[in-house]
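Here is what each chain is made of, one letter per residue.
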Amino acid sequence: QVQLVESGGGLVQAGGSLRLSCAASGRTFSSYVMGWFRQAPGKEREFVARISRGGRHTYYADSVKGRFTISRDNAKNTVDLQMNSLKPEDTAVYYCAADEDCSGSCSNLELYHYWGQGTQVTVSS
C-alpha cells in the first residue's frame, strides 16, 4: 500500500504557473505508475497526465499537452506536475494517484487504487 499527499495548489492569475507535488510513502515508489487527475465543480474527475515507473514515458490529456509537465524522482518518492500558461478552465481539485498494474495510457481513473486527498488550484481570469 502507498500513501499519497499533494501540495502546491493555490490561486494564480491566467497565464501564470504552479507546481504541484505529491509525496508518497509506503511500499516501493518505483513500482507504481503515477498519475494526476483533476475534478472541477460539478464535473467528473478527469485524467491530466501520467508517468511510467521509471519516469521515461509520459502521457497527457489533450487539454494540457504542451502546458503541463509531469516528472518523478524515485529517490525522493515524489511526483510533480509543472503547470504553465494556466487557464481559468484549469481550475479544479488536483489529485495524485498510483497503481502498480496499469499499462498503456493509464488514463482511466478506475485503474488507480491509491489516491491523495487533493489540492485546490484556482486560476483567475
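Before reading further, recall that the structure is shown in the block above.
Asks: I tried to follow the nonpolar core on my own but got confused; where do I start?
Replies: Most often, soluble globular proteins have nonpolar side chains that are buried together. If you look at the biggest cluster of nonpolar residues, it comprises 37 residues, and the most contacted ones within it are Leu-4, Met-34, Trp-36, Val-79, Leu-81, Met-83 and Tyr-94. Looking at this core, the elements with two or more residues in it are strand 1 (2–7), strand 3 (18–26), strand 4 (33–39), strand 5 (46–51), strand 7 (68–73), strand 8 (78–83), strand 9 (92–99) and strand 11 (119–124). Here this core gets five residues from one element, more than from any other, and that element is strand 9.

Asks: Please clarify how unusual backbone geometry should be interpreted in this entry.
Replies: In terms of backbone geometry, most residues other than glycine have negative phi values and most peptide bonds are trans. The phi dihedral of Ser-85 falls on the positive side, at around 50 degrees, and the residue is not glycine. Considering the arrangement of structural elements, one finds Ser-85 in the loop between strand 8 and strand 9. Here Cys-106, not a glycine, exhibits a phi torsion of approximately 50 degrees, which is positive. Here Cys-106 shows up in the loop between strand 9 and strand 10 (114–115). The class of Cys-106 is buried, set by a relative accessible area of 2%.

Asks: Even after reading the chapter, I still don't get the packing of aromatic side chains, so can you show me in this structure?
Replies: Two aromatic rings are characterised by how far apart their centres lie and by the angle between their planes. Considering all chains together, one arrives at seven aromatic pairs under this definition. Each ring, one from Tyr-32 and one from Tyr-114, has its centre 5.9 Å from the other, and the planes form 80 degrees; the classification is edge-to-face. One end of the pair, Tyr-32, is in the loop between strand 3 and strand 4; the other, Tyr-114, is in strand 10, and 82 residues separate them in sequence. Assessed through its relative accessible area of 0%, Tyr-32 is described here as buried. On the basis of an interplanar angle of 55 degrees and a centroid distance of 5.0 Å, the ring pair of Phe-37 and Trp-115 is categorised as tilted. With Phe-37 in strand 4 and Trp-115 in strand 10, this pair connects stretches of sequence that are 78 residues apart. Among the aromatic residues, ring-to-ring pairing joins Phe-37, Phe-47, Tyr-59, Tyr-95, Tyr-112 and Trp-115 into one connected group. Above the plane of the ring of Trp-115 lies Arg-45, whose end atom (NZ or CZ) is 4.9 Å from the centre.

Asks: Help me out: how do you make sense of the pairing of strand 1 in this one?
Replies: Two faces belong to every sheet, and in a regular strand the side chains alternate between them. The alternating pattern of strand 1 places Val-2, Leu-4 and Glu-6 on a buried face and Gln-3, Val-5 and Ser-7 on a face that is not buried. Judged from the six bridges that link them, strand 1 and strand 3 form a sheet pairing that is antiparallel. Within strand 3, the position partnered with Val-5 by the bridge is Ala-23.

Asks: Quick question: what am I supposed to make of the pattern of salt bridges here?
Replies: Between side chains of opposite charge, pairing is possible as soon as their charged atoms come close. Counted under the stated rule, the structure contains five salt bridges. Residue Asp-62 is joined to Lys-65 by a salt bridge in which the shortest nitrogen-to-oxygen separation is 3.1 Å. Notably, a salt bridge pairs Asp-90 with Arg-67, separated by 2.7 Å at the nearest N-O pair. Residue Asp-90 is located in the loop between strand 8 and strand 9, and its partner Arg-67 is located in the loop between strand 6 (58–60) and strand 7; the two are separated by 23 residues in the primary sequence. Classification of Asp-90 by relative accessible area gives buried; the value is 1%. When salt bridges with common partners are traced through the structure, they connect Arg-38, Glu-46, Arg-67 and Asp-90 into a single cluster.

Calculation criteria
- Residues numbered from 1 in each chain as written.
- Predicted model: local features only at pLDDT ≥ 70, side-chain atom pairs only at ≥ 80, totals over all residues.
- Heavy atoms only, no water.
- Core = buried A, V, L, I, M, F, W, Y, C linked by side-chain atoms within 4.5 Å.
- Buried < 20%, exposed > 50% of the residue type's maximum accessible area, 1.4 Å probe, protein only.
- Helix = DSSP H or I, 4+ residues; strand = E, 2+ residues; numbered from the N terminus.
- Phe/Tyr/Trp six-rings, centres within 6.5 Å; stacked < 30°, edge-to-face > 60°.
- Lys NZ or Arg CZ within 6 Å of the ring centre and 35° of its normal.
- Pairing = 2+ DSSP bridges.
- Salt bridge = Lys/Arg side-chain N within 4 Å of Asp/Glu carboxyl O.

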